Amino acid sequence: MQTKGLKLTDVLTTVVVAIVFGIVYKVWGPLYYAVKPLGLHLDQLIYGMWFIAATVAYLLIRKPGVALLAEVAAASGEFLVGSEWGLEVLFYGFVQGLLAELVFAAFRYKRFDVAVVSLAAVGSTIASLVLDFYKGYIDQLAWWNLTLFIGARFVGAIIIAGVFAYSLVKALEATGVTQLLRPTTKEDYDSLDK
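In the annotation of an unreviewed UniProt entry, the entry for the chain reads Energy-coupling factor transport system substrate-specific component, and the organism field reads Anoxybacillus mongoliensis.

Put into structure tokens, the structure is as follows:
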């Protein structure tokens, strides 16, 4: 049976996942700016990558606190490798991770399906939009442009931090790597008999 609290291996695994995604976040910045001039808020369709550390880490570790820890650690990693947004990434990482964590908590950390992970991506999206409104640059968009902006960010988040994250972890599960993180349960053994 899996314990509820985080063990040292859980924390270390979460931090390693977060460091990998922190580097991905840093590399993602130039891509974000490369598609921005193409219009139609294509940059918002790829914005969801900045939410993926929380969802992947949660799907791997499956314990309370992991999503928040992963997103903060990934933001820290991005900051340490020279984020163009400076210290601001730490605040964004905290708030985005917190809203993802609240979604997982709402399901009492018992659901690990694509719908819940996509809802966590939606939570992170809401967090990022609230912070962007606070910064004051998206509230000046015309209503149709703001609708396109917000819609694209939600769609991108669901695709990248929801569906893609779920598929990525399923691919890792198929290799057997996740058995090192999650011990075999009675349900696993029972499913072999079917």
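Concerning the overall build of the chain
Within the chain one finds eight helices and zero strands. The linear arrangement of helices and strands in the chain, starting from the amino end, is α-α-α-α-α-α-α-α. Taken against the 2.2 N^0.38 rule, which gives 16 Å for 194 residues, the C-alpha radius of gyration of the chain at 17 Å falls within 12% of a compact globule. The dimensions of the chain, computed from C-alpha atoms along their principal axes, are 60 × 35 × 25 Å. Taking all 194 residues of the chain together, the buried fraction comes to 42%. For the chain, the proportion of contacts with a sequence separation of at least 24, taken over those separated by at least 6, is 73%. Taken as a whole, the chain presents about 10,100 Å² of accessible surface, with 73% of it coming from carbon and sulfur. The average position of the 15 basic charges and that of the 15 acidic charges among the side chains of the chain differ by 6 Å.

Digging into helix α6 (residues 114-135)
Along its 22 residues, α6 runs 31 Å from first to last C-alpha, staying within 8% of the 32 Å computed at 1.5 Å per residue. The opening residue of α6 is D113, an N-cap whose side-chain oxygen sits 3.1 Å from the backbone nitrogen of A115.

Focus on the packing of helix α1 (residues 8-35) against helix α4 (residues 66-80)
For the pair α1 and α4, the least separation of the axes is 7 Å and the interaxial angle reads 45°. Between α1 and α4, the crossing angle belongs to the class labelled oblique. Judged by the twist between their axes, the crossing of α1 over α4 is right-handed. Where α1 abuts α4, its residues V11, T14, A18, F21, G22, Y25 and K26 lie against V66, L69, A70, E71, A73, A74, G77 and E78. Considered class by class, the residues forming the contact of α1 with α4 number nine nonpolar, three polar and three charged.

Details of the pattern of salt bridges
Per the counting criterion, the structure on display carries eight salt bridges. In this structure, D10 engages K63 in a salt bridge whose closest nitrogen and oxygen atoms are separated by 2.7 Å. Of this pair, D10 sits in helix α1 while K63 is found in the loop between α3 (52-61) and α4, placing the two residues 53 residues apart along the sequence. Across the pair, K63 and D10 agree in class, each one buried.

So, the UniProt feature "transmembrane region" (unreviewed entry) in the chain
As annotated in UniProt, the feature "transmembrane region" (unreviewed entry) corresponds to residues 12-33, 45-61, 114-134 and 146-169 in the numbering used here. Here residues 45-61 runs as 65% helix and 0% strand, with 27 Å between its end C-alpha atoms. What you have in residues 146-169 is 100% helix and 0% strand, and the ends, taken at the C-alpha atoms, are 33 Å apart.

Some points on the side chain of T14
Position of T14 relative to the elements: it lies in helix α1. Within the local environment of T14, its side chain forms a polar contact with the backbone oxygen of D10, the two atoms lying 2.7 Å apart. Each residue touching T14, except ones within four places of it in the same chain, is listed here: A57, I61, V66, L69 and A70.

What to know about the nonpolar core
Formed by 43 residues in total, the largest nonpolar core has its most connected members in F21, Y25, I52, V56 and F104. Going through the elements one at a time, α1, α3, α4, α5 (88-106), α6 and α7 (143-175) are the ones with two or more residues in this core. Sequence-distant contacts of I52, that is, excluding residues within four places in its chain, are made with F21, Y25, E71, I160, A161, F164 and A165.

Description of the packing of α1 against α3
The geometry of α1 relative to α3 is characterised by a closest axis approach of 9 Å and an angle of 150° between their N-to-C directions. Judged on the interaxial angle alone, α3 and α1 are roughly antiparallel. At the point where α1 passes α3, the crossing takes the right-handed sense. The residues of α3 that touch α1, namely those facing D10, T13, T14, V17, F21 and Y25, are I52, A53, V56, A57, L60 and I61. Of the residues assigned to the contact of α1 with α3, the class counts are nine nonpolar, two polar and one charged.

Thresholds, definitions, all that
Residues numbered from 1 in each chain as written. Predicted model: local features only at pLDDT ≥ 70, side-chain atom pairs only at ≥ 80, totals over all residues. Heavy atoms only, no water. Helix = DSSP H or I, 4+ residues; strand = E, 2+ residues; numbered from the N terminus. Rg over C-alpha atoms; globule rule 2.2 N^0.38 Å. Buried < 20%, exposed > 50% of the residue type's maximum accessible area, 1.4 Å probe, protein only. Contact = heavy atoms within 4.5 Å. Areas by Shrake-Rupley, 256 points an atom, 1.4 Å probe, with all protein chains shown as cover. Lys, Arg positive; Asp, Glu negative; His and termini not counted. Charge placed at Lys NZ, Arg CZ, Asp CG, Glu CD. Expected span 1.5 Å × (residues − 1). Polar contact = N/O pair within 3.5 Å; in protein donor to acceptor, adjacent residues only side chain to side chain. Axes fitted to C-alpha atoms, helices over the stretch in contact; angles between N-to-C directions. Parallel < 35°, antiparallel > 145°, perpendicular 65-115°, else oblique. Left-handed = near helix turned anticlockwise from the far one by under 90°. Nonpolar A, V, L, I, M, F, W, Y, C, P; charged D, E, K, R; others polar. Salt bridge = Lys/Arg side-chain N within 4 Å of Asp/Glu carboxyl O. UniProt positions renumbered as here; feature names shortened; annotations may be inferred. Core = buried A, V, L, I, M, F, W, Y, C linked by side-chain atoms within 4.5 Å.

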